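Working through the structure, step by step
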Protein chains: 2
Amino acid sequence: MAKELKNLTKRADNYSQWYNELVVKADLAEQSAVRGCMVIKPYGYAIWEKMQHELDSMFKQSGVQNAYFPLLIPKSFLSKEADHVEGFAKECAVVTHYRLMNDPNGKGVVVDPSARLEEELIIRPTSETIIWNTYRNWINSYRDLPLLVNQWANVFRWEMRTRLFLRTAEFLWQEGHTAHASKEEAQDKAIEMLNVYGDFAERFMALPVVKGVKTANERFAGALETYTIEAMMQDGKALQSGTSHFLGQNFAKAFDVKFINKDNQLDYVWATSWGVSTRLMGALIMTHSDDNGLVLPPKLAPIQVVIVPVYKSMEQLEQVNAVVDPIVAKLRAMGVSVKYDNADNKRPGFKFADYELKGVPVRLVLGARDIEAGTVEVMRRDTLEKHVAPLEGIEEYVKNLLDEIQNNIFTKALNHRESLTYKVDTWEEFKEQIEKGGFILAHWDGTTETEEKIKEETKATIRCIPMDAEEEEGKCIYTGKPSKRRVIFARNY
Amino acid sequence: MAKELKNLTKRADNYSQWYNELVVKADLAEQSAVRGCMVIKPYGYAIWEKMQHELDSMFKQSGVQNAYFPLLIPKSFLSKEADHVEGFAKECAVVTHYRLMNDPNGKGVVVDPSARLEEELIIRPTSETIIWNTYRNWINSYRDLPLLVNQWANVFRWEMRTRLFLRTAEFLWQEGHTAHASKEEAQDKAIEMLNVYGDFAERFMALPVVKGVKTANERFAGALETYTIEAMMQDGKALQSGTSHFLGQNFAKAFDVKFINKDNQLDYVWATSWGVSTRLMGALIMTHSDDNGLVLPPKLAPIQVVIVPVYKSMEQLEQVNAVVDPIVAKLRAMGVSVKYDNADNKRPGFKFADYELKGVPVRLVLGARDIEAGTVEVMRRDTLEKHVAPLEGIEEYVKNLLDEIQNNIFTKALNHRESLTYKVDTWEEFKEQIEKGGFILAHWDGTTETEEKIKEETKATIRCIPMDAEEEEGKCIYTGKPSKRRVIFARNY
C-alpha cells in the first residue's frame, strides 16, 4: 500500500488534520511561498475546471454574458458605499508604488521611493465598486437593461488564518453583477441565481444544500438581502457554499447610475451580485471523502474510470491490452473519461491505493484469468465494494454504475445531514446539542442582539432562515420572546 | 445607417485612430478608471473565450495540464535570475501594505502605516520565478518529468503608453511552463508549442504568421532562445503574436531545481515557457477589419450568422418567423451560432449597420416577397457582397459560405503580407522602403551593435530570423560584413 495513503490521519481522530493532509496528499493544492496564497495543482485544478464549465453553461443559459474588469481598484472607490467600506476596506492588499530599482546599497532590488502612486490601488476583494463605476457609462435607458454580466477572476482578502480552499488570501471565483429596471426584477434575479447554485451543488457536486436568507448581521456589506446555500460537512459543521445578494439601489446611488424608465423618468438602477469560489472545492472534499482518501462525484471527477491490468508476463499484458483497448474506445465514445494505467514501473497495489486516494469513482481490474472467464473485477470508490461483472456489455454497466454512485453519495450526504438536524426548544438542550455538531432548528426573536449573544456563548451562528421554513408560533430559544419560524443554527467554517 | 458606424475614421485617413475607435464602437473593450487597465466588454470577451477554448484544447492534446499559481511574488524572487530581474523588476505594481484604516483626519480610508509588509510583493509580470520555486518540491527524479503545466491568468506590467488589447498594464494570457530531463527535449517542446501557436493563428484567427527565432537582443529576459510568430497588420507594421522560450537551466539554477537522472546523477532541470495574450485580440482586429467595422473569422465569431426580417405588418413578421424558426434550429444543430434579430424597436437599416460593425460573417435578410419567391438575400461580411440564394438548402449553403469566408480572409491577409514583403540589398533602398511599411528581408551581420544602430536610424527592428530561411551568402545591409541568411526587419507594434 502506498506510503501516502497509510499516513492519512483518520477523520475520527482529527477531522481538521485529515482534511489538511488529504488536500495535499491527493495532489489538489498546497501552500505557496506567499503567505495565505495557494498553488492549485493540476489534479485539483482539473476538478475546478469541471465546476467552472458546468456553472458557466448554467449562467449562459440564464442569459448571462462574461466580461472582465480590472484587478486594481482605486482606494477612494471603496469608500463610496458606506456599508461596503466597513466590510471590505480593511484587510486588503495595497499597491502603493509602480517601480522597483537596483538597491543602491547592495544586491537585489528595492522600491523606488520616487514612484509612489498619487492614489493607492487595492487588489479587488470583490468588484461591485469598479463594475458599478463602469456601468454608469453603459446604462442610459430601460432599453439597456437588464445587464447580466459575470466575470471569472481572482480576488484577494488579507486573511490571518488560512486553510487550503476554505479560506485563502487569494482565491478564484466568479462574480455576477446584474443591473435591472425594477426592484422586483432584481429580487427575482438574486433568487434565480441562488437556485442555479443550488441545482449545481446538488446535481453536480452531489452536495445537499439548504437555501435560505441571511440575517441582517450576516449580510454582504452593501446588500439589502443576502441569500445563501448552506451545506453540512461530515463533522456536523456548516459551510456557506454560495451567496446571492439583492443590492437594492445602493451601488447605483454610490456611483450615480441612473436610467430613464418607461415613464420617461430618471431613476436609480437596481442591482444584484452573486458568487461562488474555490471554497466549493473544500465543500466537495469534506462532504464525500473518507479515511482512504478522496471520494469524487462522477460528474466532476477528472478520471471517472481507471483500468488496471494484472499480469505475470509481457505476453499476458499484451493479451490484456488487446481486450482493454476497445473498452477504452467505447467508454470514451460514450463520454466517459477513462484512464488505462498499464505503466510497468508501479505495482498494481500501489496503483490501487493511489487511485483510491485520488477518488476515481470506478476501478476495473483485469488479468489473464478474467479474460478466460469473460469477467472483470469492478470496484466502486464510494462504498469500496468489489464484485465481478461480465466483460460483455461492461461499458453500459460502468456508465450506469457512475450514475448510481452520483446518486448514492448525494443520498448518503443528505441522510447524514438529516440525521444531524435537530429541532431544539430549550436553551439547555441547545447548549448541549451544539457541542455535538449539526444543524439546530430553533426559534429566534429576530434581533441582532440575541444572535450575537448566542454566538458569544456557544460559537453558533444563524446560518440562514430557510426559504421553505414553515410558519410556526414559538418562543426564542434564548429570550423567550415570540417567533414565527425556526432558523438554522450551527457552528461553521 | 447607425450613427456609430458613420463616425468610424477611415483606415487610409488615420489607421491608428481607426483601430482605437473600432475597439470601442464594436463593444470590444474600453479604458477603465484605473490608468492602463481595460474593461473587456461582453462581445470582446466572447471572442477571447473562443480563442481560449481552442488553444486550451490544443494544449491538452499536447499533454499539458492547467494549474494555478499565486498572483503575488516576493520581491526577492525577481532578483534570483540575473537577466530576468533586468527585464521584469522595473515597471511593476508593488504591494507594500496589507491594511487600510479610517482616515483619522476626515472621511474615507487611508493606508495603515503599521501594516507594512516585511518584504514587498509584486503583482506577477510573468510567473517563471514563483513557478520554479514551486517546481523545486515537485521534482525529484526523471520519473517526475516532463512536467507540462499551463495557467490562464492576469498579469501586470506598468506601461506608460497603453492601447486597448495591444499594450495594457493588466492583460489576460496563458503561460505554459514545462520542465524536462534533457536539453533536446526542452528545445523540442519550445518549438512544438510555437507550432501550436502558428497552427492556431492560421487555422482559427485566419492570421498568416512567420515563425522564427528572435535575436539575442530581443530575447525574453532569462531565455537562451526565444521563438516567435510574427504577423503583419494592414498598415505594414509587424505584431509579435506569441512567443515560446527555451530557458535552458537558468531558472532551475536560480531556484535550485535538481533531479536524479537515469544514470543516477543529480542534474539541473531544463525548462521552457510560452505565452499568448489578449494582444491576439488586437492582431485579429487589425488584420481583417475594414472601414465598415470588424471582420471576424467565422471560427471565432460569437455570432456566425444573423438573420434579419423585413416586414410591413405583424402578420408579415409572423410569416417570416414561421420560415426562419426551422432554419435557426437546423443551423444550430449543425453547430452554427445564429441570431435571429426580430426585435421590433430597431429598423433593419440600423441592424444591418450594427452587425456589420460587429463583424458578423453572414447576414440573411428575409421578407414576404422572398418567401413567395423561395429565396433569401445573403450578405457576406468579408466582401460585403450581396446575392440571392434559394431558401431550400440554405443551411448547407451558409455552412459552406462560412468555410469560404474563413479561407478567403486568410488568403487575403497572406496576399497582403506577400505584397508588402521585399528583398532589399542596399542601405539606401532599406531606408526608403521602411518608411512605406512592410517586411524587409535583408542581410545582417549578426551583431547586436548593428541591430541597434539600424533601429536608431530607422525605427526598424529585427522581427525574427525565419525558421525556413534559406542559406544564402550575402552582405550586411548596414556594415557590409558577410551574412549567411536574410532576416526580417520591420517597424512594429
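Some thoughts on the overall build of chain A
Scanning chain A from N- to C-terminus turns up 15 helices and 27 strands. Dimensions of chain A along its principal axes, counting C-alpha atoms only, are 80 × 70 × 55 Å. By the burial criterion, 57% of the 493 residues in chain A qualify as buried. Long-range contacts, defined here as pairs at least 24 residues apart, represent 68% of the contacts in chain A between residues at least 6 apart. Surface accessibility of chain A: about 20300 Å² in total, with carbon and sulfur atoms responsible for 46%. Here chain A contributes 63 positive and 71 negative side-chain charges, whose respective centroids are spaced 3 Å apart.

Some thoughts on the sheet that holds strand β20 (residues 375-380) of chain A
Residues and elements named next belong to chain A. Strand order in this open sheet of 5 strands is β18-β17-β19-β20-β21, and the pairing throughout is mixed. Each edge of the open sheet carries a strand with a single partner, namely β18 (338-340) and β21 (386-390). Here the strands of the sheet are splayed against their neighbours by 25° on average, with no regard to which way each runs. The pairing of β20 with β21 spans 5 bridges and is antiparallel. Paired with Val376 across the bridge in β21 is Ala389. Running over the sheet, helix α11 (residues 348-357) touches β17 (305-310), β18, β19 (362-367) and β20 and is turned about 170° from β17. Running at roughly 15° to β20, helix α13 (residues 394-419) makes contact with β17, β19, β20 and β21 of the sheet.

Points about the pairing of strand β24 (residues 461-466) of chain A
All names here are of chain A. Where burial is concerned, most of β24 is hidden: 5 out of the 6 residues are buried. Bridging between strand β11 (residues 210-213) and β24 involves 2 bridges; their strand directions are antiparallel. Bridge pairing in β24 places Val213 opposite Ile465. Here β24 runs beside strand β27 (residues 486-490); their pairing, made up of 3 bridges, is antiparallel. What sits directly across from Thr461, in β27, is Ala490.

So, the interface of chain B and chain A
Counting residues at the interface gives 65 residues for chain B, matched by 65 residues for chain A. When chain B packs against chain A, the two sides together hide about 5100 Å² of surface, and 65% of this comes from carbon and sulfur. Among the residues chain B hides against chain A, the three largest losses belong to Pro42(B), Tyr68(B) and Leu100(B). Together they make up 13% of the total. Applying the counting criterion to the chain B and chain A interface returns 4 salt bridges. The salt bridge involving Glu49(B) is made with Lys60(A); its shortest N-O contact spans 3.2 Å. Between chain B and chain A we count 30 residue pairs in polar contact (both at pLDDT 80 or more) in total. Counted by class, the side of chain B that touches chain A contains 39 nonpolar, 12 polar and 14 charged residues. When strand β5 (residues 94-97) of chain A meets strand β5 (residues 94-97) of chain B, the two strands line up antiparallel, connected through 3 bridges.

Focus: the packing of aromatic side chains
Taken as a whole and assessed by the stated rule, the structure comprises 38 aromatic pairs over all chains. Plain terms: the ring middles of Phe69(B) and Trp138(B) are 6.0 Å apart, the flat faces sit at 40° to each other, and that makes the pair tilted. Of this pair, Phe69(B) sits in the loop between β3 (65-66) and β4 (72-74) while Trp138(B) sits in helix α6 (residues 128-138), placing them 69 residues apart in sequence. Of note, Arg363(A) hangs over the ring of Phe352(A), and the distance from its end group to the ring centre comes to 4.0 Å.

Structural notes on the pattern of salt bridges
Under the criterion given, the structure shown has 62 salt bridges over all chains. Between Asp256(A) and Lys258(A) there is a salt bridge whose closest N-O contact spans 3.7 Å. The class for Asp256(A) is partly exposed, based on a relative accessible area of 40%. Here Arg380(B) makes a salt bridge to Asp382(B), at a shortest N to O gap of 2.7 Å. Accessibility assignment for this pair places Arg380(B) and Asp382(B) in one class, buried. One continuous salt-bridge network, built from bridges that share partners, spans Asp27(A), Glu30(A), Lys41(A), Asp354(A) and Lys358(A).

Quick look at the pairing of strand β17 (residues 305-309) of chain B
Residue and element names in this part refer to chain B. Of all the 5 residues making up β17, 5 are buried; the element is thus mostly covered by neighbouring parts of the structure. Every second residue of β17 is oriented toward a common face, with Val305, Ile307 and Pro309 on one face and Val306 and Val308 on the other, all of them buried. In the classification by handedness, the crossover that spans β17, the intervening helix α10 (residues 314-333) and the parallel strand β18 (residues 338-340) is right-handed. Across 5 bridges, β17 lies against strand β19 (residues 362-366) in parallel orientation. Of the residues in β19, the one forming a bridge with Pro309 is Leu366.

Considering the packing of α10(B) against helix α13 (residues 394-419) of chain B
Residue and element names in this part refer to chain B. Across the interface, α10 lies against α13 with an axial gap of 9 Å and an inter-helix angle of 45°. It follows that α10 is oblique to α13 by the angle criterion. As α10 packs across α13, the resulting crossing turns out to be right-handed. Between α10 and α13, the residues in contact are Ile327, Lys330 and Leu331 and Ile394, Glu395 and Val398, respectively. For the contact of α10 with α13, the class distribution of residues is 4 nonpolar, no polar and 2 charged.

Concerning the sheet that holds β5(B)
The 6 strands are arranged β4(A)-β8(A)-β5(A)-β5(B)-β8(B)-β4(B) in an open sheet whose pairing can be described as antiparallel. Two strands bound the open sheet, and with one partner strand each, they are β4 (72-74) of chain A together with β4 of chain B. When strand polarity is set aside, the average angle formed by the axes of neighbouring strands in this sheet is 45°. By the bridge criterion, 3 bridges tie β4(B) to strand β8 (residues 116-123) of chain B in an arrangement that is antiparallel. Among the inter-strand pairings, Pro74(B) is bridged to a residue of β8(B), identified as Leu121(B).

A closer look at the domain arrangement of chain A
Here chain A is partitioned into domain 1 (16-71 + 127-288), domain 2 (303-401) and domain 3 (421-490). For domain 1 of chain A versus domain 2 of chain A, the distance between C-alpha centres works out to 39 Å.

A few points about the nonpolar core
Counting 220 residues, the largest nonpolar core has Ile123(A) and Ile123(B) as its most contacted members. If we skip the residues at most four places from it in the chain, Ile123(A) touches Leu71(A), Leu72(A), Ala93(A), Val95(A), Phe156(A), Leu71(B), Leu72(B), Val95(B) and Ile123(B). Of all hydrophobic cores here, the second largest spans 27 residues; its members include Val305(B), Leu331(B), Val376(B) and Val378(B).

What about the relation of the copies chain B and chain A?
One copy of the chain maps onto the other through a rotation about an axis followed by a shift along the same axis. Relative to chain A, chain B is turned by 180° and slid 0.0 Å along the rotation axis, the superposed coordinates differing by an RMSD of 0.0 Å. The transformation just described matches what one would write down for a two-fold rotation axis. Taking the C-alpha atom as reference, chain B places Val95(B) closest to the rotation axis, 2.1 Å from it.

Description of the packing of helix α3 (residues 42-61) of chain B against helix α7 (residues 183-203) of chain B
Helices that pack against each other are described as a pair by the angle of their axes relative to one another and the distance between those axes. Residue and element names in this part refer to chain B. At a minimum axis separation of 11 Å, α3 and α7 run at an interaxial angle of 145°. When you trace α3 past α7, the crossing you get is right-handed. Across the interface between the two elements, Met51, Glu54, Leu55, Met58 and Phe59 of α3 pack against Met193, Val196, Tyr197, Asp199, Phe200 and Arg203 of α7. Partitioned by chemical class, the residues of the contact of α3 with α7 number 8 nonpolar, no polar and 3 charged.

Thoughts on the environment of Glu452(A)
Position of Glu452(A) relative to the elements: it lies in helix α15 (residues 448-458). Once the C-alpha coordinates of Glu452(A) and Glu372(A) are considered, the two residues, 80 residues apart in sequence, prove to be 68 Å apart.

Cut-offs and rules
- Residues numbered from 1 in each chain as written.
- Chains lettered and ligands numbered in written order.
- Predicted model: local features only at pLDDT ≥ 70, side-chain atom pairs only at ≥ 80, totals over all residues.
- Heavy atoms only, no water.
- Helix = DSSP H or I, 4+ residues; strand = E, 2+ residues; numbered from the N terminus.
- Buried < 20%, exposed > 50% of the residue type's maximum accessible area, 1.4 Å probe, protein only.
- Contact = heavy atoms within 4.5 Å.
- Areas by Shrake-Rupley, 256 points an atom, 1.4 Å probe, with all protein chains shown as cover.
- Lys, Arg positive; Asp, Glu negative; His and termini not counted.
- Charge placed at Lys NZ, Arg CZ, Asp CG, Glu CD.
- Pairing = 2+ DSSP bridges.
- Axes fitted to C-alpha atoms, helices over the stretch in contact; angles between N-to-C directions.
- Buried area = accessible area lost by both parts, 1.4 Å probe.
- Salt bridge = Lys/Arg side-chain N within 4 Å of Asp/Glu carboxyl O.
- Polar contact = N/O pair within 3.5 Å; in protein donor to acceptor, adjacent residues only side chain to side chain.
- Nonpolar A, V, L, I, M, F, W, Y, C, P; charged D, E, K, R; others polar.
- Phe/Tyr/Trp six-rings, centres within 6.5 Å; stacked < 30°, edge-to-face > 60°.
- Lys NZ or Arg CZ within 6 Å of the ring centre and 35° of its normal.
- Right-handed = clockwise from strand over helix to strand, strands pointing away.
- Parallel < 35°, antiparallel > 145°, perpendicular 65-115°, else oblique.
- Left-handed = near helix turned anticlockwise from the far one by under 90°.
- Domains from an automatic or database assignment.
- Core = buried A, V, L, I, M, F, W, Y, C linked by side-chain atoms within 4.5 Å.
- Least-squares fit on C-alpha atoms with pLDDT ≥ 70 in both.

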